[in-house]
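# Close look at the chain arrangement
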Amino acid sequence: MTWQHSMGRLPNTSRRRVLATALACASSMTLRSTSAAGKEPKISTSLGDKIGFSSVSTNDGVQIFYKDWGPKTAQPIVFHHGWPLSSDDWDNQMLFFLGKGYRVIAHDRRGHGRSSQTSDGHDMDHYAADAAAVVEHLDLRNAIHVGHSTGGGEAARYVARYGKERVAKLILIGAVPPLMLKTEANPNGLPIDVLDGLRKQLAANRSQFYFDFASGPFYGYNRPGAEPSQAVIWNWWRQGMVGSARAHYDGIKAFSETDFTEDLKNITVPTLIQHGGDDQIVPVGDSALLSAKLLRHSTLKIYDLLPHGLCTTHANIINADLLAFISA
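So, a few notes on the structure that sits alongside this text. Since the structure is predicted, the reported quantities are computational estimates derived from the model, not experimental observations.

Most of strand E6 (residues 143–148) is tucked away: six of the six residues are buried. Bridge count for E6 against strand E7 (residues 167–173) is six bridges, and the pairing is parallel. Residue pairing across strands places Gly147 opposite Leu172, the latter belonging to E7. In the classification by handedness, the crossover that spans E6, the intervening helix H5 (residues 150–162) and the parallel E7 is right-handed.

All right, on to the environment of Val269 then. Its location among the elements puts Val269 in the loop between helix H9 (261–266) and strand E8 (271–276). The spatial distance from the C-alpha of Val269 to the C-alpha of Ala168 is 6.3 Å, given a sequence separation of 101 residues. Leave out the neighbours within four places in its chain, and Val269 touches Val159, Val167, Ala168, Lys169, Leu170 and His297.

Time to look at the packing of helix H6 (residues 192–215) against helix H7 (residues 230–242). Contact geometry for H6 and H7: axes closest at 9 Å, N-to-C directions at 140 degrees. The pairing of H6 with H7 is recorded here as oblique in orientation. Judged by the twist between their axes, the crossing of H6 over H7 is right-handed. Judged by residue contacts, Arg206, Ser207, Tyr210, Phe211, Phe213, Ala214 and Ser215 of H6 engage Gln230, Ile233, Trp234, Trp236, Trp237, Gly240 and Met241 from H7. Residue composition of the contact of H6 with H7, grouped by class: nine nonpolar, four polar and one charged.

A few words now on the pairing of strand E3 (residues 63–69). Burial runs high along E3: six of the seven residues are buried. The antiparallel pairing of strand E2 (residues 54–57) with E3 creates a hairpin that spans five residues between the two strands, and Gly61 there sits at a positive phi of about 80 degrees. Of the pairings in the sheet, the one linking E3 to strand E5 (residues 103–107) comprises four bridges and is antiparallel in character. From the neighbouring strand, Tyr66 faces E5, where its bridge partner is His107.

Here Trp83 and Pro84 are connected by a cis peptide whose omega angle stands at -10 degrees. Its place among the elements puts Pro84 in the loop between strand E4 (76–80) and helix H3 (91–99). Put simply, Pro177 and Pro178 share a cis peptide bond, and its omega is 5 degrees. Looking at the element boundaries, Pro178 is found in the loop between E7 and H6. Positive phi, close to 70 degrees, is recorded for Leu305, a residue that is not glycine. The topology assignment puts Leu305 in the loop between strand E9 (298–303) and helix H11 (310–313).

Quick notes on the rules
Residues numbered from 1 in each chain as written. Predicted model: local features only at pLDDT ≥ 70, side-chain atom pairs only at ≥ 80, totals over all residues. Heavy atoms only, no water. Buried < 20%, exposed > 50% of the residue type's maximum accessible area, 1.4 Å probe, protein only. Helix = DSSP H or I, 4+ residues; strand = E, 2+ residues; numbered from the N terminus. Pairing = 2+ DSSP bridges. Right-handed = clockwise from strand over helix to strand, strands pointing away. Contact = heavy atoms within 4.5 Å. Axes fitted to C-alpha atoms, helices over the stretch in contact; angles between N-to-C directions. Parallel < 35°, antiparallel > 145°, perpendicular 65-115°, else oblique. Left-handed = near helix turned anticlockwise from the far one by under 90°. Nonpolar A, V, L, I, M, F, W, Y, C, P; charged D, E, K, R; others polar.

Listed below in structure tokens is the structure:
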């Protein structure tokens, strides 16, 4: 598999302006926290507290930011975002399902978005436990969990370990399970030197790396005839740059070297698998096709020529199929 990058550039002044705005927003977001164990909320006089940011405290003291929109009595849909983004990547789907009467929830993974930039715990076990802290804090039941890319791995591990009495259905979109890394048992996986190359680019110039990643393979903008959206590219870049370089660096290992085989085997709820046929980030043959065989009750939908970021580029198609599966 080859990771391709567009070498397009925008003026440095534009980049600095966007970064300054992102950092100004990030610096104001001292989150109001409530404990998953039911402790009294901490008092904050920050802007984040005044405008109603919500977070839950995990067992190891990490603050996980979350959004919770819609009627509290409605069936909940929980969204798990991809690397290195935030819950903002689900805004289209959250607004769509909010309009259909559902309760929609999404959190920023630890080290991502508005959650704590902790030094530790950037692995799938912590990711799943953090998701469980949000679910338990909000007491979500009969929930549908939707995970994209890395979030698909997080959602699968959460459902397998914590979701037996709380989950109704699971949806994996462009998801990393069962295993991305090339091993003796997974000969068609991604070689470790490719992943090492990603880490090297991130450490050398994270801003440029993220811009090139969004400009190229993530949305398929490097394909002949593609019409890149600068707004989409910069929104991806914005989400990435607000997060922690440490979390994103360690997250490469988490999404690529975690084996979800046993998780998938232990999932009993109906599961929809959606994957782009032209996914350059998580090739469909090494992921969705294998996951469908491991899951007990799976429905597989492959979308010819669609990219990894299909929830954005083809939201109307994805949302319609999500609704059909969720409401069935």
